[in-house]
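Remarks on the overall topology
These are the residues of each chain, in order.
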Amino acid sequence: MFICDDHFSSKSCPCGSQKLLNHCCSVYLQGQLPAPTAEKLMRSRYCAYCLKNIDYLFNTEHPSYRKPNSRKLITATANSLRWLGLTVLTTEGGQPEDQTGVVEFVAVYQEGKSAAQLHERSNFIKEKGKWFYTDGEMLPPVQPKKNERCWCKSGKKFKQCHGKQR
Ligand SMILES: [Zn+2]
Ligand SMILES: [Zn+2]
């Protein structure tokens, strides 16, 4: 299993792109460039949770969707969860020429001693050339086929991991 923290020692990007952090999400996290697509914004926001970059998470949430306690909620989530990996499943729109985009993903995090998954369809809109996260819909956990690799990124087959009949 790979863990957020491991990525920082190897300097590979937590978003799972297999690129170096400096050549991937870091450019957006440090504000050098705005993320060009909804998917890249989503990936960089995942990294921001790993890196506890609260300002980035707050600033990339669309102002009209922010709640009065947004910053507090973001901080609490970033501080309480240990992220284990990200898989982007599908994207709709969200390209540089689009104004809206949807990204469906599974993010794995540690819950007690076990891994848990967040399966979400996130919505994004672009305003003045910048992508923003608006809101998301939580979906039921992804259940791979028996012989496919488990969603938890243990490398084991689903039937030998979280899909085990107990
Ligand atoms: Zn990245
Ligand atoms: Zn598993």
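On a predicted model such as this, the values are computed, not experimentally measured, just so you know.

The next thing to look at is the overall build of the protein. Secondary structure summary: the protein contains five helices and four strands in total. In terms of overall size, the protein behaves like a compact globule, its C-alpha atoms giving a radius of gyration of 16 Å where 166 residues would be expected to give roughly 15 Å. C-alpha atoms of the protein, sized along the principal axes, occupy 50 × 30 × 30 Å. Counting across all 166 residues of the protein, residues that qualify as buried make up 32%. Taking contacts inside the protein between residues at least 6 apart in sequence as the whole, the part at least 24 apart equals 42%.

Paired through their backbone hydrogen bonds, the strands of a sheet run either parallel or antiparallel. Spatial ordering of the open sheet is given by β1-β2-β3-β4, a layout of four strands whose pairing is antiparallel. Of all the strands in the sheet, the pair left with one neighbour each is β1 (82-93) and β4 (130-138). Looking at each pair of strands side by side, their axes are set apart by 30 degrees on average, direction ignored.

The next thing to look at is the nonpolar core. Counting 35 residues, the largest nonpolar core has C15, C25, L29, Y46, C47 and A48 as its most contacted members. For this core, the elements supplying multiple residues, two or more each, are α2 (26-29), α3 (38-51), α4 (54-59), β1, β2 (100-111), β3 (114-127) and β4. The dominant element in this core, judged by the number of residues it contributes, is α3, at nine residues. Not counting chain neighbours up to four residues away, the residues in contact with Y46 comprise P14, C15, L86 and A107.

Attention now goes to the pairing of β4. Looking at chain direction, β3 and β4 are connected through seven bridges and run antiparallel. Each residue of the ladder has a partner; that of E127, found in β4, is K130. Hairpin connection of β3 to β4: two residues between the antiparallel strands, including K128 at a positive phi of 45 degrees.

The end-to-end C-alpha distance of α3 is 20 Å, a good match for the 20 Å that 14 residues give at a rise of 1.5 Å each. Looking at the residues trailing α3, positive phi occurs at K52, about 55 degrees.

A separate point is unusual backbone geometry. Notably, K128 is not glycine yet its phi reads approximately 45 degrees, a positive angle. Not every positive phi belongs to a glycine, and K153 is a case in point at roughly 70 degrees. Following the sequence through the fold, K153 ends up in the segment after β4. K153 gets classed as partly exposed once you count the C-beta atoms within 10 Å, which come to 19.

Relative to β2, β1 is paired through ten bridges, and the arrangement is antiparallel. Across the sheet, the residue bridging to R82 is Q110, located in β2. Counted between consecutive antiparallel strands, the loop separating β1 from β2 contains six residues, among which G94 sits at a positive phi close to 75 degrees. Hairpin geometry of β2 and β3 is characterised by an intervening segment of two residues between the two adjacent antiparallel strands and by a positive phi of about 60 degrees at G112.

A word on the environment of Q95. By the secondary structure assignment, Q95 is in the loop between β1 and β2. Remark: the alpha-carbon pair of Q95 and H23, spanning 72 residues in sequence, is separated by 20 Å.

Rules and cut-offs
Per chain, residue numbering runs from 1 following the sequence as it is written. Chain letters and ligand numbers both follow the written order, the letters beginning at A and the numbers at 1. Predicted model: local features are reported for residues with pLDDT of at least 70 only, side-chain atom pairs are reported and counted for 80 or more only, and whole-chain, interface and lining totals are derived from all residues. Secondary structure elements follow DSSP: runs of H or I of four or more residues count as helices, runs of E of two or more count as strands, with numbering from the N terminus. To get the radius of gyration, use the C-alpha atoms; to get the globule rule, take the number of residues to the power 0.38 and multiply by 2.2 Å. Here a residue counts as buried when 20 or more other C-beta atoms sit within 10 Å of its C-beta, as exposed when there are 12 or fewer, and as partly exposed otherwise, the C-beta atoms being derived from the backbone. Any residue pair is listed as a contact if its two C-beta atoms, each placed from the backbone, are within 7 Å. Any two strands between which DSSP finds at least two bridges are classified as paired. Here an angle of 0 to 180 degrees is reported between the N-to-C directions of two axes, which are lines fitted to C-alpha atoms, with helices fitted over the stretch in contact. We define a nonpolar core as a collection of buried residues of the types Ala, Val, Leu, Ile, Met, Phe, Trp, Tyr and Cys that are connected via C-beta atoms lying within 7 Å of each other. To estimate the expected span of a helix, subtract one from its residue number and multiply by 1.5 Å.

Read these as layout, nothing more, since geometry by itself doesn't imply function.
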